[in-house]
Structure formats: structure tokens, C-alpha cells
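Remarks on the overall topology
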Amino acid sequence: MRKIRVLVVGLGNMGRSHALAYHRHEGFEIVGLVNRSRPQLEPELASYPIFPVYEDALRDLKPDLVAIATYTDTHADYAVSAMAQGAHVFVEKPLAANVADAERVIAAAHQYGRKLVIGYILRHHPSWQRLIAEARALGPPYVFRMNLNQQSSGAMWKAHRNLMEATSPIVDCGVHYLDVMCQITDGKPTEVRGMGVRLSDDIDSAMYNYGHLQVLFDDGSVGWYEAAWGPMISETAFFVKDIMSPRGAVSIVMDEGAKSDDLEVHTKTARIRLHRAALRDDGTFAAPDELLTMAGEPGHQELCEREQAFVYDAITQDRDLSRHMEDAVASLRVVLAADESVRTGKAVRLG
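Position numbers for residues start from 1 in each chain and track the written sequence from start to end. Local features in this predicted model are restricted to residues of pLDDT 70 or higher, and side-chain atom pairs are both shown and tallied only at a pLDDT of 80 or more, whereas totals for entire chains, interfaces and linings draw on every residue. Computation of side-chain values: all heavy atoms of the structure, hydrogens and water removed.

What follows is about the overall build of the chain. Secondary structure follows DSSP: runs of H or I at least 4 residues long count as helices, runs of E at least 2 residues long count as strands, and numbering of each begins at the N terminus. Summing up its helical and strand segments, the chain has 10 helices and 15 strands in all. Here the globule rule is a power law, 2.2 Å times the number of residues to the power 0.38, and the radius of gyration is based on C-alpha atoms. In terms of overall dimensions, the chain is globule-like: its C-alpha atoms have a radius of gyration of 21 Å, near the 20 Å expected for 351 residues. Counting across all 351 residues of the chain, residues that qualify as buried make up 53%. We get accessible surface area from the Shrake-Rupley algorithm with a probe of 1.4 Å; when it comes to residues, only the shown protein chains can shield them. Looking at the chain as shown, the accessible area adds up to about 15500 Å², and 49% of this sits on carbon and sulfur atoms. Exposure classes here rest on a 1.4 Å probe applied to the protein chains alone. A residue is buried below 20% of its type maximum, exposed above 50%, and partly exposed in between.

Below is the structure:
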């Protein structure tokens, strides 16, 4: 098996998970890690050299692949410089801090003939694939009701505050769920409305830690997404994934007692409820709701390993990633429009 030499940049939660995935995949060889400090690492990663400066590691190691898991405002420049030196790129979502930078990264991938994979981890989850397929089978127009609110304290609240130096919750998390909406409906987003509230004095006064967006599609579908971080966030209905259509609904039913600070909860579906709207002549439902138990679901680390296996396949099999890149920009465009709406108080029309 051909070895792909990889440089992992950023050793937060996602960066360490991706590094473990590369370590465990026989097709990858980690040549270095980049982080400004020396964090406590899993034993499997402890022997790899850590570089404090990305540009130095990129120049000296000349990797085949650069995996970027830093803060959003560094993504575009890091990705473009990696591709200019001849490396393929995996970059965590969001692809960039603005649409122009996202398009600049994609243009660089085309210019240099490099593969660019964006970290949409739910695309590699079999239960989410099933959810999307069941929703598409219902047919439009859709009503999307989705959120991911995270009650955080201690080190996680610190991590969230650091993230909010560059990115709001509805941008950072929202790209996943706007991507899900766009995979379900073939309609194009036409208008976005957003609102946000700053619920803490511990964050920059220009940033909000609660955000909510509404999106309209040209097929008549509508959706909302809500995201919030912090010690004040409610645990009630923190995880809602619900899609309705004229023919019924498909929803994720969480396990009782699930907590928002559990990373596994953010990807596992537990059970999927299928509801059919068809009625008998007497007005009763023609079929009972069906609960699909998603036994044997991959956990967070296994999903990261599936994601990096996709990266390996894309590189070694020369897969066409044009649609993958276009979809990343499409979901980013919506959440950034929502962020603009929060700050201006006006709805944003999408061309």
C-alpha cells in the first residue's frame, strides 16, 4: 500500500482524533504534528515530532497531505500554501471564515491539481446516510427543524470561548446541518434570516454565543437551525433533528439521559422514527410509526477513521471532488449569511 506522508496541524479535540486516524491507517505515515504548545497527547501520538510553526514544518517536511484542524480564520491561508507546495489538503469545517476565502481555496485545488476534502463527518455516518435517504423518499417541500446546543464548563467552555474569537456557534456547527438540509432537498437556498444573543460577559462583546437561523428554499422548503455554547445553556431539547414533509416525517430520537457535553451524542442517532401521514377512510393513520434502531453505530473516533479512509481513497483513486467542494461552499454561504443577518438585523437574499 502506498504511504501518504501527512502533516497534522492543530491538536485540539478534532486534530488529535484525525492524527489517531492517520496513525492507525496503514496507508498514512505521520511525518509531524503542528501546535503552538506541547499538549498532553495519547500514547500512540507521543513519539511524533511537534513543530510550533506551521510554515517551518511545511517547508522542512514537504508532506503529501496536510490535515488542518486549527481555528477557522487560518484555514484558507494554510490550505492554499499547502497546495502551492504540492500537498493535498484535508481541512476541518468550516472551510474558511468567508465565502471569498472558501472559493480561493477551491480555486487553488483546481490550479495545483490537488485533492481538497472538507471535514463533513456526518457524510461518513451510515445512520445519517439512512436519515437523509428516508427524508428524500418522503419528497418536498420540507420543514427542517434542527439544533445542537452544548452546555459547557471548565476546559470545554474555554475551548468554546477560543472558538468564538473567530467563529460563531451557528457558523461552526451550522455547516454540518445546512449540508444535511441541502442533501435532502434539491431546492436552492434563497433567503436567510438570523438572530443571536450574547449571554455571557466572558466572551468578546461583538460575538454571540446563542444563534438561530431560518432558511428558505426555492422549492418551498423551510428550515431552522439553532446553536449555543456555554454554562448557561439548557439541556432541554438540546438535540433536535426533525424533518417533515406532506407525506410524513423522519426524526432522530435521542436516548433518555443523553447530555449535550458528550461528543458521541453529536453524531450518534440512537433511533430513527419514521412517521407516515397517510390516513384510512375513517381518518386514522394507515400505518404505525416505525422505529429504526441504529445498533452498532460508529463512535466519534471510528467516524474520523472512516473520514480519513475517504481521504486516502480520494487521493489514490484520483476521485473527482468537484461536487464535494461545491457543497462545502453552499452550506458555508448560508450560515455566513445568517451571521450577517444577526449583525445587521436584516434578511439576506442569496443569488
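Still more ground to cover, so stick around.
In this section: the nonpolar core. Within this scheme, the nonpolar core is defined by two criteria: the residues are buried Ala, Val, Leu, Ile, Met, Phe, Trp, Tyr or Cys, and they are joined through side-chain atoms within 4.5 Å. Tyr-54, Leu-95, Leu-116, Tyr-225 and Ile-243 are the most contacted members of the largest nonpolar core, which has 86 residues in total. Take this core: its biggest share by element is 10 residues, from helix H10 (residues 322-344). For this analysis, residues touch if any pair of their heavy atoms sits within 4.5 Å. In this view, Ile-243 contacts Leu-131, Ala-135, Tyr-142, Val-143, Phe-144, Met-146, Ile-184, Gly-248, Ala-249 and Val-250; residues no more than four positions away in its chain are not counted. If you look at the next biggest cluster of nonpolar residues, it comprises 23 residues, including Tyr-22, Ile-50, Ile-315 and Leu-321.

This paragraph deals with the sheet that holds strand E13 (residues 271-276). DSSP bridges decide pairing: two strands pair if at least two such bridges lie between them. Reading across the sheet, the nine strands line up as E14-E13-E12-E11-E7-E10-E9-E8-E15 and stay open at both edges, with mixed pairing between neighbours. Of all strands in the sheet, those bounded by a partner on one side alone are strand E14 (290-293) and strand E15 (348-349). When strand E8 (residues 189-197) meets E15, the two strands line up antiparallel, connected through two bridges. What sits directly across from Glu-191, in E15, is Arg-349. An axis is simply a line fitted to the C-alpha atoms; with a helix, the fit covers only the stretch in contact. Between two such axes, the angle follows the N-to-C directions and lies from 0 to 180 degrees. Across the sheet, H10 touches E8, strand E9 (210-217) and E15, and the angle it forms with E8 is around 50°.

Going residue by residue along strand E4 (residues 65-68), you find Leu-65 and Ala-67 tucked away on one face and Val-66 and Ile-68 tucked away on the opposite face as well. Relative to E4, strand E1 (residues 4-9) is paired through four bridges, and the arrangement is parallel. Note that in E4 the partner of Val-9 across the bridge is Ile-68. Sheet analysis places E4 next to strand E5 (residues 88-92), joined by four bridges and oriented parallel.

This part covers the packing of aromatic side chains. One pair of aromatic rings is described through two measures. These are the centre distance and the angle between the planes. Stacked, tilted and edge-to-face are the three classes applied to pairs of Phe, Tyr and Trp rings, where Trp contributes its six-membered ring and a pair requires centres within 6.5 Å; stacked means planes under 30 degrees apart, edge-to-face means over 60, and tilted covers the rest. All chains considered together, the criterion is met by seven aromatic pairs. Judged by centre distance (6.0 Å) and plane angle (65°), the rings of Phe-144 and Phe-217 are edge-to-face. Here the residue Phe-144 occupies a position in strand E7 (residues 143-151), and Phe-217 occupies one in strand E9, the gap between them amounting to 73 residues. Site record: aromatic cluster; members linked through ring pairs are Tyr-22, Phe-28 and Tyr-312. In this scheme, Lys NZ or Arg CZ marks a charge over a ring once it lies within 6 Å of the ring centre and within 35 degrees of the ring normal. The side chain of Lys-241 reaches across the aromatic face of Tyr-177, ending 4.5 Å from its centre.

This brings us to a nonpolar patch on the surface. On the surface, a nonpolar cluster with roughly 180 Å² of combined accessible area is contributed by Val-143, Val-222 and Met-244. Relative to the helices and strands, Met-244 is located in strand E11 (residues 239-245). Only residues whose relative accessible area exceeds 30% and that take part in no salt bridge are eligible for patches, with like-charged residues grouped when within 9 Å of each other and nonpolar side chains (Val, Leu, Ile, Met, Phe, Trp, Tyr) grouped when within 5 Å. Any carboxyl oxygen of Asp or Glu that lies within 4 Å of a side-chain nitrogen of Lys or Arg is treated as forming a salt bridge with it.

Our focus in this paragraph is the environment of Glu-297. Position of Glu-297 among the secondary structure elements: in the loop between E14 and helix H9 (300-316). On a C-alpha basis, the gap between Glu-297 and His-125 in space is 8.1 Å, while along the polypeptide they are 172 residues apart.

Okay, the sheet that holds E5 next. One key point about sheets: their strands pair by backbone hydrogen bonds, in either a parallel or an antiparallel sense. Sheet architecture is open: six strands sit in the order E3-E2-E1-E4-E5-E6, paired in parallel fashion. Strands with a single pairing partner mark the edges of an open sheet, and in this sheet they are strand E3 (50-51) and strand E6 (116-119). Taken together, the six bridges between E1 and strand E2 (residues 28-34) define a ladder with parallel strand orientation. Directly across from Val-9, in E2, lies its bridge partner Val-34. The strands touched by helix H3 (residues 72-84) are E1, E4 and E5; relative to E5, the strand with the most contacts, the crossing angle is about 165°.

So, on to the packing of H3 against helix H4 (residues 99-112). Packing of H3 against H4 brings their axes to within 9 Å, and their N-to-C directions diverge by 10°. Between H3 and H4, the crossing angle belongs to the class labelled roughly parallel. Together, Ala-76, Asp-77, Ala-79, Val-80, Met-83 and Ala-84 of H3 and Asp-101, Arg-104, Val-105, Ala-108, Ala-109 and Tyr-112 of H4 make up the contact between the two elements. Polar here means any residue outside two lists: the nonpolar Ala, Val, Leu, Ile, Met, Phe, Trp, Tyr, Cys and Pro, and the charged Asp, Glu, Lys and Arg; Gly therefore counts as polar. Among the residues forming the contact of H3 with H4, the class breakdown is nine nonpolar, no polar and three charged. Oblique is the label for any angle not under 35 degrees, not over 145, and not in the 65 to 115 range, which are roughly parallel, roughly antiparallel and roughly perpendicular in turn.

Here Lys-93 and Pro-94 are connected by a cis peptide whose omega angle stands at -10°. Within the secondary structure, Pro-94 sits in the loop between E5 and H4. Note the cis peptide between Pro-140 and Pro-141, where omega equals 0°. Here Pro-141 is to be found in the loop between helix H5 (126-138) and E7. With a phi angle near 45°, Lys-62 is a residue other than glycine that sits in the positive phi range. You will see that Asp-318, though not glycine, has its phi angle at about 50°, which is positive.

On to the side chain of His-18. Within the secondary structure, His-18 is located in helix H1 (residues 13-24). According to the relative accessible area criterion, His-18 is buried, its value standing at 1%. Here a polar contact is recorded for every N or O atom pair within 3.5 Å, except that within protein the pair must consist of a potential hydrogen donor and a potential acceptor, and residues adjacent in sequence are included only if both atoms are side-chain atoms. Looking at His-18, its side chain comes within polar contact range of the side chain of Gln-308, at 3.0 Å. Setting aside chain neighbours within four positions, we find His-18 in contact with Phe-90, Glu-92, Cys-304, Glu-307 and Gln-308.

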